[in-house]
Amino acid sequence: QVQLVESGGGLVQAGGSLRLSCIWSGSIFGLNAMGWYRQAPGKQRELVARIISNGVTHHADSVKNRFTISRDNAKNTLYLQMNSLEPEDTAVYYCKANVRLREYWGQGTQVTVSS
């Protein structure tokens, strides 16, 4: 079983920065992609950014030029660098891994951006 644990969330003022981390454990043979999603109260969960097995990345239009997804395989860690944070970025952020035909999710980490 694959396990994912997010960390790095917190309270930050608008314009500030945070770096989220997602550490994985268990076998990830057959890993196809990893990504960051977020969900605010009363809103649908949405894709923030993803990285596929060959390193190609995709970022949602709402976070382009502000957030950057990256991965360090040696540390079993997925990152989301978040710059120029805005109140609309407030949400619970989740890490996801696609392994073969299965999806694995972390427990989420809260990001709150004050104005």
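A brief structural summary. Just so you know, these numbers come straight off a predicted model, no measurement behind them.

Analysis parameters
- Residue indices follow the written sequence of each chain, beginning from 1 at its first position.
- Where local features are concerned, this predicted model is filtered to residues with pLDDT of at least 70; where side-chain atom pairs are given and counted, the filter is 80 or more; whole-chain, interface and lining totals use all residues.
- Note that the side-chain values use all heavy atoms of the structure and ignore hydrogens as well as water.
- The definition of a nonpolar core used throughout is a set of buried Ala, Val, Leu, Ile, Met, Phe, Trp, Tyr and Cys residues joined through side-chain atoms within 4.5 Å.
- Partly exposed describes any residue whose relative accessible area lies between the buried limit of under 20% and the exposed limit of over 50%, with all areas from a 1.4 Å probe on protein chains only and scaled to the type maximum.
- Each helix corresponds to a stretch of at least 4 residues labelled H or I by DSSP, and each strand to a stretch of at least 2 residues labelled E; elements are numbered beginning at the N terminus.
- Here a residue-residue contact requires only that any non-hydrogen atoms of the pair lie within 4.5 Å.
- By salt bridge we mean one thing: a side-chain nitrogen of Lys or Arg within 4 Å of a carboxyl oxygen of Asp or Glu.
- In short, DSSP must find at least two bridges between two strands for them to pair.
- For helices, the fitted line uses only the C-alpha atoms of the stretch in contact; every axis is such a line through C-alpha atoms, and the angle between N-to-C directions lies from 0 to 180 degrees.

Some remarks on the nonpolar core
Generally speaking, soluble globular proteins have nonpolar side chains that are buried together. Of all hydrophobic cores here, the largest spans 30 residues; its most connected members are Leu-4, Met-34, Trp-36, Leu-80 and Tyr-93. For this core, the secondary structure elements donating two or more residues are strand S3 (18-25), strand S4 (31-39), strand S5 (46-52), strand S7 (67-72), strand S8 (77-82), strand S9 (91-99) and strand S11 (109-114). Looking at this core, the element that brings in the most residues is S9, giving five residues. In this structure, Leu-80 is in contact with Leu-18, Arg-19, Leu-20, Trp-36, Val-48, Ala-49, Phe-67, Thr-68, Ile-69 and Tyr-93, ignoring residues within four places of it in sequence.

Remarks on the environment of Ala-33
Positionally, Ala-33 belongs in strand S4. By relative accessible area, Ala-33 is classed as buried at 3%. Linking Ala-33 and Arg-100, residues 67 residues apart in sequence, is a C-alpha distance of 9.5 Å. Those residues in contact with Ala-33 that sit more than four places away from it in its chain are Arg-50, Ile-51, Ile-52, Lys-96, Ala-97 and Asn-98.

A short note on the pattern of salt bridges
Where charged atoms from two side chains of opposite charge come close, those side chains can pair. For the structure on display, the rule yields five salt bridges. Taking the shortest distance from any N to any O, the salt bridge between Asp-89 and Arg-38 comes out at 2.9 Å. With a gap of 51 residues between them, Asp-89 in the loop between S8 and S9 and Arg-38 in strand S4 connect regions that are remote in the sequence. Among the residues examined, Arg-38 registers a relative accessible area of 5% and is labelled buried. Through salt bridges with shared partners, one network takes in Arg-38, Glu-46, Arg-66 and Asp-89.

Quick look at the sheet that holds S3
With antiparallel pairing, the four strands of this open sheet are ordered in space as S1-S3-S8-S7. Since the sheet does not close on itself, it has two edges, and those belong to strand S1 (3-7) and S7, each with one partner. Between one strand and the next, the sheet's axes are offset by a mean angle of 15 degrees, whatever the strand orientation. Two elements, S7 and S8, share six bridges in a ladder whose sense is antiparallel. The residue of S8 that forms the bridge with Thr-68 is Gln-81.

Everything listed here is a matter of coordinates, which is why it stays silent on function.
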